[in-house]
Amino acid sequence: MVESGGTGDGALAIFLGDGKGNFRKSARYRLGPASVAVAVADLDGDGHLDIVAINGGVKGNGSVEVFFGKGDGTFKVPVTYNLGAYPDFVATADLNGDHYPDLVVTQNGGWSVSVLINDGHGKFNKPLTYGGPGGNGVVIADFRNNGILDLAVSTTDAVCVRLGNGDGTFGMAVLYSTQVGNGGANAVAAADFRGDGKLDLAVERSGGPSALLYGNGDGTFQSAIPIKTRIGGGNSLAVGDFNRDGSPDLAMDALGTRRRVSVAVLINGQ
């Protein structure tokens, strides 16, 4: 987990599970300012999980820090890649088919998306940056069922979809409005919510209501429809089959009355 305490520096804390639902802190590492997101993957192919942490930075000097795991719950001194423009979220996937995880970083302040390709040893090439719109969250998925990964980025009032070329590059941005209420789009997730073999998008909005965009199976999406809940919007969401019926459900954080934060679990009724 990452935390940013308002002192100008953040921290990465590692908690190891005991297999019974309990956790103990095994290590803690200092990060840069405004640490907001992490991703976990075996970046260098040594069988040990590594961590990517995002520093939002100040005055446009954000960065990505890569911590290589030792296999015992501790990590080596990080390798830093400067990005600027206030990076806000990171996701990992093999974007060019070489079996090594690459990075996609959204940059909120600069309204851009950067792709960092893994060289096969856990080192990353110079970022390929796609200008506006950027955003808060990103999901990497195959929206066309053709074996090529695409991107969907949550922006202020829309989801920005970029279709992949299979080599780590992406096409032009296509925007799908999420204006089903007040507030901006903070997070996005993909799943086949209707069970028709086509990936759909769920978008968490800060002011609520959140929204669903059903996929057409060819990389395009239908108009957003509101997700109606009794509580306000939030900043993140997750997909899982919480009642074990084979259909994807949603969990969202939500800011309710009196500024109380809660979690809403929405069971898929198909």
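So, a few notes on the structure that sits alongside this text. These numbers were taken from a predicted model, which means no experiment stands behind them.

## Quick word on the pattern of salt bridges
Scanning the entire structure with this criterion turns up two salt bridges. Where Asp 150 meets Arg 144, a salt bridge forms, and the shortest distance between an N and an O atom there is 2.7 Å.

## Points about the sheet that holds strand S5 (residues 50–55)
Spatially, S4-S5-S6-S7 is the arrangement adopted by the four strands of the open sheet, whose pairing is antiparallel. Single-partner strands in this sheet number two, and they are strand S4 (35–41) and strand S7 (79–82). Here the strands of the sheet are splayed against their neighbours by 20° on average, with no regard to which way each runs. Strand direction decides the pairing type here: S4 and S5, joined by six bridges, are antiparallel. The residue bridging Val 38 from the neighbouring strand is Ala 53, located in S5.

## Quick notes on the packing of aromatic side chains
On inspection of all chains with the given rule, the structure shows six aromatic pairs. When the ring of Tyr 81 is compared with that of Phe 124, the centres are 5.8 Å apart and the planes differ by 90°; the resulting orientation is edge-to-face. Taken together, the residues Tyr 81 in strand S7 and Phe 124 in the loop between strand S10 (112–116) and strand S11 (128–131) connect sequence positions 43 residues apart. Note on accessibility: Tyr 81 and Phe 124 belong to one class, buried. Between Tyr 176 and Phe 221 the ring centres are 5.7 Å apart and the planes differ by 80°, which places this aromatic pair in the edge-to-face class. In this pair, Tyr 176 is assigned in strand S15 (residues 174–177) and Phe 221 in the loop between strand S18 (210–213) and strand S19 (225–227), connecting sequence segments 45 residues apart. Each of the two residues, Tyr 176 as well as Phe 221, counts as buried. One aromatic cluster is present, formed by Tyr 29, Phe 67 and Phe 75 through successive ring pairs. The ring of Tyr 214 carries the charged tip of Arg 194 above its face, separated from the ring centre by 4.3 Å.

So, how was this worked out
- Residues numbered from 1 in each chain as written.
- Predicted model: local features only at pLDDT ≥ 70, side-chain atom pairs only at ≥ 80, totals over all residues.
- Heavy atoms only, no water.
- Salt bridge = Lys/Arg side-chain N within 4 Å of Asp/Glu carboxyl O.
- Pairing = 2+ DSSP bridges.
- Helix = DSSP H or I, 4+ residues; strand = E, 2+ residues; numbered from the N terminus.
- Axes fitted to C-alpha atoms, helices over the stretch in contact; angles between N-to-C directions.
- Phe/Tyr/Trp six-rings, centres within 6.5 Å; stacked < 30°, edge-to-face > 60°.
- Buried < 20%, exposed > 50% of the residue type's maximum accessible area, 1.4 Å probe, protein only.
- Lys NZ or Arg CZ within 6 Å of the ring centre and 35° of its normal.

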